Amino acid sequence: MAKEKSRYFTFLLYPESVPVDWIGKLELLNVPMAISPLHDLDEKEKDKLSEEEIEMVKKGGKVYKKPHYHVIYIAKNPVTTDSVRVKIKRALGEKAISTVKFINTSVLNTYLYLTHESKDAKDKNKHVYSKKDIKLLSNFDIDRYNTLDIEEKDEVFESVCEIIEKYQIANILELGKFVRRYGSFYGLPNMKVINKVIASKTGLIRIYFDGAYQVRKNGIQEIELDVDLETGEIREIENGNI
């Protein structure tokens, strides 16, 4: 059977397994790559701790994973994982790399994970690294590869709607400013991607913008229900019954 191929890959590199000039050697491959900051503050998963490490954690200590770099690799044509592995080993040595994986979500999500700003990393409360420390090789440009699958598009759209409602954002210009300043805190892509996500749902977004504008303009108070926590029954409220 023919082996599966792709253009989008990710793998790990460990400082002690690569030559001193490893970045320069990767640049010579002339393949677009994005390299994460050194992940040296990733805490080890609880189910992978030794008994000694478990005791250390109980005493308030922390156990970190082996320091490593995450790398995104964009092949010029669809190739196999074996092909990428061989190419990296030729450039950096036999011990440089072991596992190469296809990017099965999206390049954008993987790119956000380089600094632990992806949604799944934030949900797990992982240490966030500085975006300034990401290294881009051979004209790597995330805007070329930041396509989302259907599920990711739905998640982005839902997040945008929640942000519009929560912060009473009244139009696309205000949304753009918000995303540029705070988008990374919510695991959001840039506005170029968001515009593509909301393009087919402009009617619904317009309703959200209009609602946010009305709330901000008229100072509409948030609806609060008096709920019986034991029965779940909604009681009467001051301005009438619900």
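Cut-offs applied
Residues numbered from 1 in each chain as written. Predicted model: local features only at pLDDT ≥ 70, side-chain atom pairs only at ≥ 80, totals over all residues. Heavy atoms only, no water. Helix = DSSP H or I, 4+ residues; strand = E, 2+ residues; numbered from the N terminus. Buried < 20%, exposed > 50% of the residue type's maximum accessible area, 1.4 Å probe, protein only. Areas by Shrake-Rupley, 256 points an atom, 1.4 Å probe, with all protein chains shown as cover. Phe/Tyr/Trp six-rings, centres within 6.5 Å; stacked < 30°, edge-to-face > 60°. Pairing = 2+ DSSP bridges. Core = buried A, V, L, I, M, F, W, Y, C linked by side-chain atoms within 4.5 Å. Contact = heavy atoms within 4.5 Å. Patch = residues over 30% accessible without salt bridge, like charges linked within 9 Å, V, L, I, M, F, W, Y side chains within 5 Å. Salt bridge = Lys/Arg side-chain N within 4 Å of Asp/Glu carboxyl O. Axes fitted to C-alpha atoms, helices over the stretch in contact; angles between N-to-C directions. Polar contact = N/O pair within 3.5 Å; in protein donor to acceptor, adjacent residues only side chain to side chain. Expected span 1.5 Å × (residues − 1). Arc of directions from axis to C-beta.

J.: Help me understand the overall build of the chain in this model?
T.: Of regular secondary structure, the chain possesses 10 helices and five strands. Taking all 242 residues of the chain together, the buried fraction comes to 37%. Put simply, the chain shows about 15,900 Å² of open surface, and 50% of that area lies on carbon and sulfur atoms.

J.: Before we go on, may I ask you to explain the packing of aromatic side chains in this structure?
T.: Aromatic ring pairs: the centre-centre distance and the angle between the two ring planes describe each pair. Per the counting criterion, the structure on display carries seven aromatic pairs. Ring geometry for Tyr111 against Phe140: centres 6.0 Å apart, planes inclined by 15°, an arrangement best described as stacked. Taken together, the positions of Tyr111 in helix α4 (residues 107–113) and Phe140 in the loop between β5 (135–137) and α6 (142–145) put the pair 29 residues apart, joining distant regions of the chain. Classification of Phe140 as buried rests on a relative accessible area of 6%. Between Phe178 and Tyr182, the ring centres sit 5.3 Å apart and the planes meet at 55°, which makes this aromatic pair tilted. In this pair, Phe178 and Tyr182 both sit in helix α8 (residues 172–182), four residues apart, roughly one turn of the helix.

J.: Looking at this structure, how should I read the pairing of strand β3 (residues 69–79)?
T.: Put simply, side chains in a regular strand alternate between the two faces of the sheet. As defined by bridge partners, strand β1 (residues 6–13) adjoins β3 across seven bridges and the pair is classed as antiparallel. Pairing of Phe9 across the sheet is with Tyr73, part of β3.

J.: Got a minute to help me understand the nonpolar core in this structure?
T.: It is characteristic of soluble globular proteins that their nonpolar side chains tend to be buried jointly. Ranked by internal contacts, the top residues of the largest apolar core, which has 33 residues, are Ile72, Val107, Tyr111, Phe140, Val160, Ile194 and Ile205. Those elements that place two or more of their residues in this core are β3, α4, α6, α7 (150–167), α8, α9 (191–198) and α10 (202–218). Here this core gets six residues from one element, more than from any other, and that element is α7. Every residue in contact with Ile205, bar those within four places of it in the chain, is listed here: Phe157, Val160, Cys161, Ile164 and Ile198. Counting 23 residues, the second-largest nonpolar core is a separate cluster that includes Phe9, Val71, Ile97 and Phe102.

J.: Honestly, a nonpolar patch on the surface in this entry has me stumped. Any pointers?
T.: Side chains of Tyr167, Tyr182, Phe185 and Tyr186 sit close together on the surface and give an oily, nonpolar patch of about 420 Å² of accessible area. Looking at the element boundaries, Tyr167 is found in helix α7. Given a relative accessible area of 37%, Tyr167 falls into the partly exposed group.

J.: In this structure, what is going on with the sheet that holds strand β4 (residues 100–102)? I would like to understand it.
T.: The strands making up a sheet associate through backbone hydrogen bonding, with each pair oriented either parallel or antiparallel. One open sheet holds the five strands; their spatial order is β4-β1-β3-β2-β5, and the pairing between them is antiparallel. The open sheet has two edge strands with one neighbour each: β4 and β5. Sheet twist, expressed as the average angle between the axes of neighbouring strands with direction ignored, equals 20°. In this structure, β1 lies alongside β4, joined through three bridges in antiparallel fashion. Counted as the bridge partner of Phe9 is Phe102 from β4. This element, helix α3 (residues 81–92), spans β1, β3 and β4 of the sheet and lies at about 120° to β3.

J.: Got a minute to help me understand unusual backbone geometry in this structure?
T.: The phi angle of most residues is negative, glycine excepted, and most peptide bonds adopt the trans form. Of note in this structure, Ser138 is not a glycine but carries a positive phi near 50°. By secondary structure assignment, the location of Ser138 is in the loop between β5 and α6.

J.: Honestly, the side chain of Ser6 in this entry has me stumped. Any pointers?
T.: Mapped onto the fold, Ser6 is located in strand β1. Polar contacts involving the side chain of Ser6 include one to the main-chain amide nitrogen of Tyr8, which spans 3.0 Å. For Ser6, the contacting residues outside a window of four places in its chain are Asn77, Pro78, Val79 and Phe102.

J.: Is there a simple way to explain α10 in this structure?
T.: The α-helix winds at 3.6 residues per turn, so residues separated by three or four positions along the chain end up facing the same way. Compared with an ideal rise of 1.5 Å per residue, which puts 17 residues at 24 Å, α10 spans 24 Å between its outermost C-alpha atoms and is within 8% of the ideal. Turning to α10, its buried residues are Ile205, Phe209 and Ala212. For α10, the buried positions fall inside an angular range of 65° around the axis, keeping them on one side. Exposed residues on α10 whose side chains face more than 90 degrees from its buried face are Arg206, Ile207 and Lys217.

Read these as layout, nothing more, since geometry by itself doesn't imply function.
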